[in-house]
Every structure is written in C-alpha cells, then in structure tokens.
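# Structural overview for review
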Amino acid sequence: MHVHGISTSIAIFPFPSSTRAKPTNLNRSLELKLIDRHCLLISLAFSTTPFFLAKFETMGIINTNPVSKTTVDNGLSEVGKKQTVRSALALKEMRVCKGSCWIWPSITQRPFQAAEIIASINGINHSYFFSFTLSARKLYVYKSRVCNKETQEAVAMATPIPIDTFNLGFIGAGKMAESIAKGVVKSGVLPASRIRTAVHNDASRKEVFSSIGVKVFDTNKEVVEDSNVIIFSVKPQVVKDVVLQLTPVLSKKQLLVSVAAGTNLSELQEWAGHDRFIRVMPNTPAAVGEAASVMSLGTTATKEDGELVANLFGAIGKIWTVNEKLFDAVTGLSGSGPAYIFLAIDAMADGGVAAGLPRDLARGLACQTVLGAASMTIKTGKHPGQLKDDVASPGGTTIAGIHELEKGGFRGILMNAIVAAAKRGRELSQS
Ligand SMILES: NC(=O)C1=CN([C@@H]2O[C@H](COP(=O)(O)OP(=O)(O)OC[C@H]3O[C@@H](n4cnc5c(N)ncnc54)[C@H](OP(=O)(O)O)[C@@H]3O)[C@@H](O)[C@H]2O)C=CC1
Ligand SMILES: O=C(O)[C@@H]1CCC=N1
C-alpha cells in the first residue's frame, strides 16, 4: 500500500503483537535483524524522494521534502506540521496500525517530531520508535513490502508461473479442496484437466475428484511434481508433517498456497524452506462461486503470484488482500461463517415447519430469504440496521420476532461465535 501525496520520510511497520518488543531495549544490530525478518509485514513506507536526489539531500545540497523544510531552531514548519497531520489522519483512516505499529524515522530533518505527531494521532506508544534513524532513500520498496536486498533479489529472480498452462495441485483432497476445484472448473478459469490431487485414506475421495475431471494421483509427491501452483488443503494439525515430507521435491519455481486455518506464513515458509508462499482463507461457498476469501503474500511471492491467486479465488467469489494478523478473525467470521448461516437456515426452516409450512417450502423460503437479505445489503450499500428497520412496522410481526431474538441474545451469541472461532484459530497457530 502506498499513500500518494505524502512525503514524510517515515516508515510505519504493522507488527503482530506477539512479535513486539520495545525497540528502546534493542541495540542497532538486533533492530536490523528484526526488520529483515519481518520485512514482509511492512505495509506503509512514506518516502517520495528519488534515490539520486536523496544523496544530495543527505549532503545538505538540496531539499526536496516539504516536511523537512523547517527552520533549524523551530522544528517542523507549519506546512510540514499540516502535512504530517494529514498523513497521520490518512493512516488512521486506513486502520493499518490500531496501536500495533512501530515507527522508524528517516534521516530527513525533524523526523522524530513528525514521528511523534503520526504516533499520537494513531495511538502508537512512544516506545515503539526505532532508536536510530533510517536512510529512507535506500529502502527497497517492493509493492507493499520493504525488504532487504536478499529478499528483493529473490523476488526479482522468481520464475513466472506460466499463466496459460500452469497446473494446480491440491495436497489434501478434502471438502475445501473439492469446493475450490468445483468452483474453479465451473467458472471456466481453469479446466479440470489442469487440476491434480491425490487421495490419502478415504478412497471415496478419488471418485469425487475424478467425476469433476481432476487427475487423481496415488501420492502427494506426484501431485507436486506435476504442478506449478500447489495448494496445501490438509487439516492444520497435519500440515507441518505434510509440508516437511514434501520439502525435498518442492522447487522455487513453484508457487505454494495454504488454506489451513491457524497456520502462519512464517511457519509454512520455514517448513517448506520456500518463501514463495501465499496464505488464503477461503470458505466452502467457493463450490458455487460465492466464496469470501482473503489472502496475504509471503516474503518472496511476486506481484504476479498475488494476481494469479487473486484471479483463481476471484473466479470463485470475492477476495481481499489483508495483513496476515487479521487471519484468525477472518477465519472466525467468513471461514467458519457458512456453518453459522447453514444452522440459521435450518432453524428458520424448522420454525416455518413449526408454524405449519411443508418442509420443502419452508427450506426454500429460508434459503431465498438469507440470499435476498445478503444481496440487498451488498447492492443497496445501506446499513443492515436501516434495512432491518425498513422491515419492522410499528406493532407489526417483525418487531415481535426481533423481540424474541433479542431476548435470546441473538446478536451477542453470533458475536461470541465469531470471537470463539477466532480464538480457536489463534490457539491452533500456537499449538
Ligand atoms: N472446510 C472449510 O470450510 C474450510 C477449511 N479450511 C481449511 O482447509 C483445510 C482442509 O479442511 P477440510 O477440507 O475441511 O478438511 P477435510 O478433512 O475435508 O480434508 C482434509 C483432507 O486432507 C487429507 N489428508 C490428511 N492427511 C493427508 C496427507 N498426509 N496427505 C494427503 N492428504 C491428507 C484427508 O484425507 P483422509 O480423510 O483420507 O485422511 C482429507 O481428504 C484445513 O486446513 C482447514 O483449516 C479453510 C477454510 C474453510
Ligand atoms: O473448522 C475449521 O477448522 C475450518 C477452518 C475454517 C472453516 N473450517
């Protein structure tokens, strides 16, 4: 993510809270190591001066950065202050930090003062400033990430995936793989003949995939050897062993994807010895082209790799790119969410039957009502509360039904379900 029109030379690093430590307790080399390790997590870099100009700016010969147009004694100029405040507000609006960022001031004049302003507006604790300034002009900015030279070179050298001919392999022929494969084939984005998988214990899975037209091998190794893009779709509890077993046959020419809940990119990359990884959290409505997915790119996944995965999952629903720290919450909401709605549909149908409707009609009405309400919320862009009010007439039927739902704690229960699922995702990532 790059913010246009902002030229404060400050790098903002959103870090997962588990990796936070007080930079003031670190020495310079430790700080640098930390930055290298987490370069993929950097999603904002405010730096606009071209490299060749920066050299002269550092020497004090020219001054290209509005924020640095200060008087020596009085700190930031009024123009600089206003610009910094605007930048800080833009950052706040994007909700990138929410109190979990570090700030690394650059070599330009008054960087710490600008950093203080950005920090205070974004609720970033002062102790999360790096203790030394950064030569922002020498930053390697790669898409949304600022990486070290090694990483940048690895990204630059990554062999492109042959977009028109690549094969897609699933390691784990389960329900999620089936939903993705069915959706991808149905959308026409990839013919079944270019999809591979292998069955594990349950032999009935062979027929499920063969009937779609997917090539089913006997072993995972064969899937890897015949695929350019490999999706790990086994349960989180076994993903480590499965990746480790396949590490010897994985090639850097391949793009790896994981859909496993609660399994971090850093772990996946370590097990695979392979940083060209993308983590995705889809959901089973992928099977009918209505998935809600998010993705996050690993250290050396390229922009094109991201586009390929966005294209695949975009063909089977909607996909958002998010900071990986949001994955557990996403898993709780959209990963697990279809199950809550299936439960709601079943319960609504039961209610209809209890009120005297035939079962088929009750289920049909329940399904269409959920579909219609979701579609209306998206298409009108109205707040769901407003749409709810539009249904509920004074003293009418709807408000009588809502009253019962509220008495039973409907909203709180749904919220708790999502929070509990997110917590379980976090537990899985820590186990
Ligand atoms: N289901 C969902 O709604 C969603 C699932 N996910 C994620 O997708 C992943 C898969 O979940 P899901 O499809 O539901 O689970 P399933 O149990 O349906 O699928 C897992 C598959 O992995 C196979 N498997 C187990 N061990 C191995 C192995 N060593 N080598 C190859 N295959 C193996 C299993 O085969 P067998 O049964 O024969 O052992 C099974 O077919 C999970 O990590 C989950 O977190 C993500 C989003 C939504
Ligand atoms: O229940 C699970 O663990 C998986 C992850 C998201 C949806 N199902």
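The structure presented is a predicted model; accordingly, all values stated were derived computationally and were not measured.

## Here we look at the site of ligand 1
Around ligand 1, a shell composed of 20 residues is seen, among which Met-176, His-200, Asn-201, Asp-202 and Val-234 lie nearest. A total of 890 Å² of accessible area belongs to ligand 1 in isolation, and the protein chains cover 81% of it. If you list the elements that add at least two residues to the shell around ligand 1, you get α6 (175–187) and α9 (236–246). Class assignment of the residues belonging to the shell around ligand 1 gives a composition of 10 nonpolar, seven polar and three charged.

## Observations concerning the confidence of the model for the chain
Taken over all residues, the pLDDT of the chain has a mean of 80, while the share at 70 or more is 70%. Taken together, the stretch residues 14–28 has pLDDT below 50 and engages in 33 contacts with residues farther than four places along the chain or on a different chain. Here residues 62–73 is a poorly scored stretch, pLDDT under 50, and it has 40 contacts once near neighbours within four places are set aside; other chains count.

## Regarding the side chain of Glu-324
Checked against the element boundaries, Glu-324 lands in the loop between β13 (317–321) and α12 (327–335). Not counting the four nearest positions on each side in its chain, Glu-324 is found in contact with Thr-263, Asn-264, Leu-265, Arg-279 and Ser-296.

## Concerning the site of ligand 2
Around ligand 2, the surrounding shell consists of Ala-261, Thr-331, Gly-335 and Ser-336. In isolation ligand 2 offers 240 Å² of accessible surface; the protein chains occlude 49% of this area. Grouping the amino acids of the shell around ligand 2 by side-chain chemistry returns one nonpolar, three polar and no charged.

## Side note on the nonpolar core
One finds Val-309 and Phe-313 to be the most contacted residues of the largest nonpolar core, which totals 33 residues. Only β6 (168–171), α6, α7 (204–212), β9 (229–232), β10 (255–258), β11 (277–281), β12 (291–297) and α11 (303–314) provide two or more residues apiece to this core. Top contributing element to this core by residue count: α6, with five residues. Sequence-distant contacts of Val-309, that is, excluding residues within four places in its chain, are made with Leu-255, Val-257, Ile-278, Val-280, Met-295 and Gly-314. In this structure, Ile-171, Val-224, Leu-250 and Leu-268 belong to the second largest nonpolar core, which totals 20 residues.

## A short note on α12
Every buried residue of α12 is accounted for by Phe-327, Asp-328, Val-330, Thr-331, Gly-332 and Ser-334. The secondary structure elements touched by the buried residues of α12 are β11, β12, α13 (337–354) and α17 (410–430).

## Examining the packing of α12 against α13
The geometry of α12 relative to α13 is characterised by a closest axis approach of 5 Å and an angle of 25 degrees between their N-to-C directions. On the basis of the axis angle, α12 is roughly parallel to α13. Between α12 and α13, the residues in contact are Gly-332, Leu-333, Ser-334 and Gly-335 and Gly-337, Pro-338 and Tyr-340, respectively. Looking at the contact of α12 with α13 residue by residue, the class counts come to three nonpolar, four polar and no charged.

Basis of the calculations
Residues numbered from 1 in each chain as written. Chains lettered and ligands numbered in written order. Predicted model: local features only at pLDDT ≥ 70, side-chain atom pairs only at ≥ 80, totals over all residues. Heavy atoms only, no water. Near = heavy atom within 4 Å. Areas by Shrake-Rupley, 256 points an atom, 1.4 Å probe, with all protein chains shown as cover. Helix = DSSP H or I, 4+ residues; strand = E, 2+ residues; numbered from the N terminus. Nonpolar A, V, L, I, M, F, W, Y, C, P; charged D, E, K, R; others polar. pLDDT = per-residue confidence, 0-100. Contact = heavy atoms within 4.5 Å. Core = buried A, V, L, I, M, F, W, Y, C linked by side-chain atoms within 4.5 Å. Buried < 20%, exposed > 50% of the residue type's maximum accessible area, 1.4 Å probe, protein only. Axes fitted to C-alpha atoms, helices over the stretch in contact; angles between N-to-C directions. Parallel < 35°, antiparallel > 145°, perpendicular 65-115°, else oblique.

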